[in-house]
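Geometric and topological summary
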Amino acid sequence: MIRLSERLTIVYQNLIQQKDVWDICCDHGYLGTAAYKSTNFSDIYFVDRVHTIMEKLKSKFQKFVFKTDSTSKAYFICTAGQNIETHVTGTLCITGVGGFTAFEILNGLSKNNFLNADRLILGPHRDEAKLIELIKNSLNMNQYDLKSEIKIVEKNIQRSLFILDRIF
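The structure presented is a predicted model; accordingly, all values stated were derived computationally and were not measured.

Attention now moves to the side chain of Thr33. By the secondary structure assignment, Thr33 is in helix 2 (residues 30–38). Of note is the side chain of Thr33, whose polar atom sits 2.8 Å from the backbone oxygen of Gly29.

Here we take up the side chain of Ser160. Structurally, the position occupied by Ser160 is in strand 7 (residues 157–166). Here Lys151 takes part through its side chain, which lies 3.1 Å from a polar atom of the side chain of Ser160. Residues in contact with Ser160, not counting those within four places in the same chain, are Leu122, Gly123, Pro124, Glu128, Glu149, Ile150 and Lys151.

Considering soluble globular proteins, one finds that nonpolar side chains tend to be buried as a cluster. Counting residues in each nonpolar core, the largest one holds 26 residues, and the members touching the most others are Leu92, Ile94, Leu106, Leu115, Leu120 and Leu122. Those elements that provide at least two residues to this core are strand 1 (21–24), strand 2 (43–48), strand 4 (91–95), helix 4 (99–111), strand 5 (119–123), helix 5 (128–137) and strand 7. At five residues, helix 4 tops the list of elements feeding residues into this core. Not counting chain neighbours up to four residues away, the residues in contact with Leu115 comprise Val88, Leu92, Leu106, Leu109, Ser110, Leu120, Met141, Gln143 and Tyr144. Counting residues in each nonpolar core, the second largest holds 24 residues, with Leu8, Leu15, Met54 and Ile152 among its members.

How each quantity is defined
- Residues numbered from 1 in each chain as written.
- Predicted model: local features only at pLDDT ≥ 70, side-chain atom pairs only at ≥ 80, totals over all residues.
- Heavy atoms only, no water.
- Helix = DSSP H or I, 4+ residues; strand = E, 2+ residues; numbered from the N terminus.
- Polar contact = N/O pair within 3.5 Å; in protein donor to acceptor, adjacent residues only side chain to side chain.
- Contact = heavy atoms within 4.5 Å.
- Core = buried A, V, L, I, M, F, W, Y, C linked by side-chain atoms within 4.5 Å.
- Buried < 20%, exposed > 50% of the residue type's maximum accessible area, 1.4 Å probe, protein only.

Structure below.
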């Protein structure tokens, strides 16, 4: 069983069940793997722009995690998040990158009309306030409302998780 950090546990607890999960800039893929193993979510998308990371993750996933009878399906996409060319639905999670990078991903998806997620969970490592300011001031992002900000101390550094829900 995968043991998630406190931050990823909170992200996991805020995923929308029975919907897709997008683990953007997934690195080791812990969040997406936990979602897949739970079978409480539809499709799980692992996205990272680094080819070697994605190949290693996909190989480990196939060897240790994949189940032929799973109700969830896993997809591995090697591209920059803003270059995804399919509709992003369910919960989109971006953690572990800076605020400007997170905004670049969201803005690119929105401009290309691929951002259709019901919930965004954002955990930038820096420029947190700037990320929220950019989202609030972006005409492309006015379809999301900040639901909550959760403060977490991780390795003696206070970090924020932002949860934004789509306005219907």
